[in-house]
Amino acid sequence: MDRMPAWADAVLVPLISIILAALISALVILFIGEDPIAAFKLMMTGALGSTYGWGYTLYYATNFLFTGLAFAVASHAGLFNIGSEGQAMIGGLGVALVCLAIPWPHWALALPAAIVGAAAFGALWALIPAWLQAKRGSHIVITTIMFNFIAAAVLNYMLVNILRPAGSMDPATAKFPEGAHLPTLHDLLAPFGIAFSKSAPANVSLVVAVAACVLVWLLIWRTRLGFEIRALGHSESASRYAGIPPVKIVVIAMLISGALSGCMAINNVMGEAERLILNATEGAGFIGIAVALMGRNHPLGVFLAAILFGFLYQGGAELALWTTIPRELIIVIQALVILFTGALDNMVRIPLERIFMATRKRRRT
């Protein structure tokens with residue numbers, strides 16, 4: 001029998017963790033002489049109080065959706081893919097090559113091609129760590145961390161020496177052709193009479209990310225491959241006994257994970273910058289780990305956690321802009337949320353389990 005109901009594990013534990021993180025953050029803000037209530041109101045207004053704020057919140061959330069789903073798929077196979085950052089970088093390279101190779105007449109044609117390019121390059125970058133883990137026993141955490149640095153070096157070389165336009169000093173590609181520019185939420189919602197900020201970067205990639213949530217749910221819980229991935233994650237020896245080939249499943253799970261990470265580039269590279277630049281990922285690959293852990297590796301949970309972290313990013317930017325709270329403290333607040341929802345998860349879970357078990361005993365007696 002489970003020690004705690006599924007709803008409590010999925011909702012109550014993260015909620016209490018967020019409240020604890022918010023209380024500690026409030027004490028930190030109070031300690032430096034700022035009003036935590038005013039700071040929270042400013043975060044709410046800046047991130048959710050206008051379509052402009054919503055546009056940035058959803059833009060960040062889209063990045064975290066892709067990287068959170070990527071980590072979740074690998075995690076179901078028992079793999080800790082910490083390489084989403086590098087896979088997203090190389091996915092951006094795939095997007096840039098696709099968008100610059102052809103004078104696309106319309107974004108509806110460019111987007112599917114860019115998704116394929118991003119997914120293929122991201123999956124390719126995850127292939128070698130996957131093979132090393134499956135065949136040679138090299139730990140996936142070590143190899144994927146190393147490949148993050150290699151990806152940064154590869155991207156730097158490509159932008160400085162190969163893809164940089166002649167005469168430009170900026171380590172970036174040329175602007176993508178007009179037909180490869182993705183419509184923003186303003187463009188998508190305007191035909192329905194819904195007003196949305198023109199300057200917000202949220203774009204059609206959000207729709208792709210939500211579709212990816214649905215596809216990952218179908219994959220993990222409605223297909224044989226998903227069952228094999230989950231079986232391997234629960235017990236390699238039992239899955240091997242059941243005839244599930246661990247090498248094959250490890251490689252496939254990491255390829256899917258890398259492809260999802262790479263697809264983040266359609267949002268930040270194709271949708272927002274409309275060219276490939278250095279450091280386009282901005283740490284979203286690592287935030288995806290916290291998003292997946294908070295969402296319990298379930299697509300719905302990942303979606304909700306991505307919205308939360310999008311709120312923290314946009315709200316934190318507003319705090320840094322309009323108050324004397326330093327940007328570094330905003331990072332501390334974000335880190336506290338990650339700490340309580342990830343590393344200190346058991347601090348909340350274990351007392352709750354005891355409460356629920358004690359309640360059941362009382363009912364029986």
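For clarity, every value in this text was computed on a predicted model and none was experimentally measured.

Draft legend 1. The pattern of salt bridges, seen in detail. Using the criterion set out here, one finds four salt bridges in the structure. With a closest N to O distance of 3.0 Å, D170 and R275 form a salt bridge. Here the residue D170 occupies a position in the loop between α6 (140–162) and α7 (185–189), and R275 occupies one in the loop between α12 (265–273) and α13 (284–294), the gap between them amounting to 105 residues. Between E228 and R224 there is a salt bridge whose closest N-O contact spans 3.4 Å. Taken as a pair, E228 and R224 lie in helix α9 (residues 224–234) at a separation of four residues, close to a single helical turn. On the accessibility criterion, E228 (13% relative accessible area) is buried.

Draft legend 2. Up close: unusual backbone geometry. Backbone geometry at E274 places phi at a positive 60°, although glycine is not the residue there. Positionally, E274 belongs in the loop between α12 and α13. Residue classification places E274 among the buried positions, given a relative accessible area of 18%. Phi is positive for R296, which is not a glycine, with a value near 55°. Here R296 shows up in the loop between α13 and α14 (299–322). A relative accessible area of 22% places R296 in the partly exposed class.

What counts, and at which threshold
Residues numbered from 1 in each chain as written. Predicted model: local features only at pLDDT ≥ 70, side-chain atom pairs only at ≥ 80, totals over all residues. Heavy atoms only, no water. Salt bridge = Lys/Arg side-chain N within 4 Å of Asp/Glu carboxyl O. Helix = DSSP H or I, 4+ residues; strand = E, 2+ residues; numbered from the N terminus. Buried < 20%, exposed > 50% of the residue type's maximum accessible area, 1.4 Å probe, protein only.

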